[in-house]
Structure formats: C-alpha cells, structure tokens
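# Structure assessment
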Amino acid sequence: MFTETFGFKSFSIEHGICFLLTLFVLIACVLVGRRQSFTTAYRLGLSLAWAACGFQTVWMLHKGANGTFSIQENFPLHLCNVCSLLSPFLVMPLRKGVTLPFEILYYWVLTGTLQGILTPDMDFAFPYIGYVKYWVTHSGLVILVLYGVLVLQVRPSWNGVKMAFLAIQVWACIALIFNYLTGSNYGYLMHKPSNGSLFDYCGDHYILVAQVAFWCLFCLFWLPFRSAKQPTVI
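First things first, this report covers the structure right here in the doc. The shown structure was predicted, so the numbers you read here are calculated from the model rather than taken from an experiment. Per chain, residue numbering runs from 1 following the sequence as it is written. Where local features are concerned, this predicted model is filtered to residues with pLDDT of at least 70; where side-chain atom pairs are given and counted, the filter is 80 or more; whole-chain, interface and lining totals use all residues. Side-chain measures here rest on the full set of heavy atoms in the structure, leaving out hydrogens and waters.

### Considerations on the overall build of the chain
Under the convention used in this document: Put simply, DSSP marks the helices as runs of H or I at least four residues long and the strands as runs of E at least two long, and each gets a number from the N terminus on. Burial status follows relative accessibility: with a 1.4 Å probe on protein chains alone, a residue under 20% of its type maximum counts as buried, one over 50% as exposed, and anything between as partly exposed. We call two residues in contact whenever any of their non-hydrogen atoms come within 4.5 Å of each other. The method behind every accessible area is Shrake-Rupley, applied with a 1.4 Å probe, and residues are considered shielded solely by the protein chains displayed.
Within the chain, the secondary structure is distributed over seven helices and zero strands. Sorting the 234 residues of the chain into buried and exposed places 46% on the buried side. A separation of at least 24 residues holds for 76% of the contacts in the chain among residues at least 6 apart in sequence. A total of about 12,000 Å² of accessible surface is found on the chain, and carbon and sulfur atoms cover 70% of it.

### Remarks on the environment of Ala-175
If you trace the backbone, Ala-175 turns up in helix H6 (residues 158-182). Measuring from C-alpha to C-alpha, the distance between Ala-175 and His-78 comes to 8.1 Å, with 97 residues separating the pair along the chain. Once residues within four sequence positions are removed from consideration, Ala-175 is found in contact with Leu-77, Tyr-186 and Leu-189.

### Let's talk about the environment of Lys-63
With respect to the element layout, Lys-63 can be found in helix H2 (residues 38-65). Given the relative accessible area of 11%, Lys-63 is considered buried. Separated by 67 residues in sequence, Lys-63 and Gly-130 place their C-alpha atoms 9.6 Å apart. Residue contacts for Lys-63: discarding those within four places in its chain leaves Thr-68, Phe-69 and Asn-74.

### Looking at the packing of aromatic side chains
What counts is decided by this rule: Geometry of aromatic contacts follows a simple scheme: Phe, Tyr and Trp rings, the Trp one being its six-membered ring, pair when their centres are within 6.5 Å, and the pair is stacked under 30 degrees between planes, edge-to-face over 60, tilted otherwise.
The tally for this structure, following the rule as stated, stands at twelve aromatic pairs. Measuring from ring centre to ring centre gives 5.0 Å for Trp-158 and Trp-222, while their planes differ by 55 degrees; the resulting arrangement is tilted. Of this pair, Trp-158 sits in helix H6 while Trp-222 sits in helix H7 (residues 206-222), and the two are 64 residues apart along the sequence. The interplanar angle of 55 degrees and the centroid separation of 5.9 Å between the aromatic rings of Phe-214 and Phe-218 together place this pair among those described as tilted. Of this pair, Phe-214 and Phe-218 are both found in helix H7, four residues apart, which corresponds to roughly one turn of the helix. Summarising the burial analysis for this pair, Phe-214 and Phe-218 share the class buried. Taken together, the ring pairs connect Tyr-106, Tyr-107, Trp-158, Phe-165, Phe-214, Trp-215, Phe-218, Trp-222 and Phe-225 into an aromatic cluster.

### With respect to H6
Basically, it comes down to this: Helix span, as expected, comes to 1.5 Å for every residue beyond the first.
A rise of 1.5 Å per residue sets the reference length of H6, with its 25 residues, at 36 Å; its end C-alpha atoms lie 36 Å apart and thus fit the reference within 8%. For H6, the complete set of buried residues consists of Gly-160, Val-161, Ala-164, Ile-168, Trp-171, Ala-172, Ala-175, Phe-178 and Asn-179. Backbone geometry just downstream of H6 places Gly-183 in the positive-phi region, at approximately 70 degrees.

### Comments concerning the nonpolar core
To be explicit about the condition: We call a set of buried Ala, Val, Leu, Ile, Met, Phe, Trp, Tyr and Cys residues a nonpolar core when their side-chain atoms join them within 4.5 Å.
By size, the foremost hydrophobic cluster in this structure holds 54 residues, and its most contacted members are Trp-108 and Trp-171. Elements represented by at least two residues in this core include exactly helix H1 (13-33), H2, helix H3 (79-91), helix H4 (100-118), helix H5 (129-150), H6 and H7. Here Trp-171 is in contact with Leu-77, His-78, Leu-79, Val-82, Trp-108 and Gly-187, once residues within four sequence places are set aside.

### Quick word on the packing of H6 against H7
Rules: Lines fitted to the C-alpha atoms define the axes, with helices restricted to the stretch that makes contact. Angles between their N-to-C directions range from 0 to 180 degrees. In these notes the angle categories are as follows: under 35 degrees is roughly parallel, over 145 is roughly antiparallel, 65 to 115 is roughly perpendicular, and the rest is oblique. Take the far helix as the reference: if the near one is turned anticlockwise from it by less than a right angle, the crossing is left-handed, and if turned clockwise, right-handed.
For the pair H6 and H7, interaxial distance at closest approach is 9 Å and the crossing angle is 155 degrees. For the element pair H6 / H7, the angle class is roughly antiparallel. You can see that H6 and H7 cross each other, and the crossing is right-handed. Where H6 abuts H7, its residues Trp-158, Val-161, Lys-162, Ala-164, Phe-165, Ile-168 and Gln-169 lie against Gln-211, Phe-214, Trp-215, Phe-218, Cys-219 and Trp-222.

Spatial relationships are all this shows, so hold off on functional conclusions.
Right, dumping it as structure tokens:
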C-alpha cells in the first residue's frame, strides 16, 4: 500500500530516522523550555511557530521563482499548510493568557499533521528543499503543540474541541469549493492520497468516516485534560 516516491519510502530506515529526529528535538525543546521563565519559554515556542511558517512561505516563493508553482498542488490549502502559516498567530494570544486559538491548533495538528509524520505523502527525496520543508513543517507543528502543553502548560478544553471541529468544517467548505473550481485535491476531499494513508481503511465514504474520526480523535486528545484548569498567565 505504501509506495516509494522518488527515493522516499514510508516505514523505511530513512523514515525512522526522521521520526527519531523529531522525537529528539521535542525532548530537547521541552528540557530547555522548562528551565526558562514563561516569557523566554513562550518566545521559544513562538520561534518554532515562525520556523514552520517561514519554511512554508519560502517553499511557495521557491516554487514561484522557478516557475513550478501550481495552483492545483502548491496553494496553501492542505490542513498542514494552513496550520503552518497560521501557527504564529495562534500562538501569540498565549502571551495574554488566551488559549483557544492554540487549542484549535493543538487538535488539528495531533489529528491531521501527526498522520503526515506517520504516513508521509510527498514526492521529494533528501536533500531537495521540498523534503526539508515537509519535515520541518510537519515535525515542527507536532513539536510546537506538545511544547505548548508540556512547557507553556496549555490545557486543551472541551470548548476547544467544539471550536476546532467547527473550524475544520469551515476549512473543508473553502477547500471543497476551491477544489471544484481549480480541479485540485486539497485536504484529499476529492480523492484519497495516491501514496497510501489511513484513508485507505475508510472505504468509499472516507470523508464521512474522517468526520467521525476527527471528532473522536479531538475528544481523545481532550481526555487527559478533562478535569484540568488553565493556569493564569501574567
């Protein structure tokens, strides 16, 4: 099911190395962040967000500069790309103790972007810039949201579950309209990824199954915090 794409193969040694590097950077960021004041730790988290946003932006500029930008493939409408571009602006409210934007990012990333690490769908091999961009944005987002929970002490709420699910419906409507008008497949709303993914286990009605899965996974990622209260940030 999982096919080779220009030198990269899911569940290969290379894939394992990328996964271990993600884990290593996460542990390093958490250990460093926990030794800092909230302000310094917050700035480190914001830097992670800007790194994801920056690589996504540089990637689009690179595609535009060499004339290979495609409205059907490179417009930032895949959920992971949306998260990358918006992540700094969803992290910034944490400085004033507003957590809901980050909570939405938390649920989206752990439900969608994490799958991008477990079952990559990319057409690039190292050291191509697209390869680096893919892993920096996907791994960076997962590291960012876990850093927010483990270091910045964000406690995802039930309201966050509902708002994240509502927000994903808005995104899906926009992506579906864009797909229809441009013949693209953002969010895989028109057909499943060609390189294999967890969608392959969802049958022909995978979008409806995915909706249920999103809700269940949002609830699952909320469960560890169901009795938690948000800390006061000054």
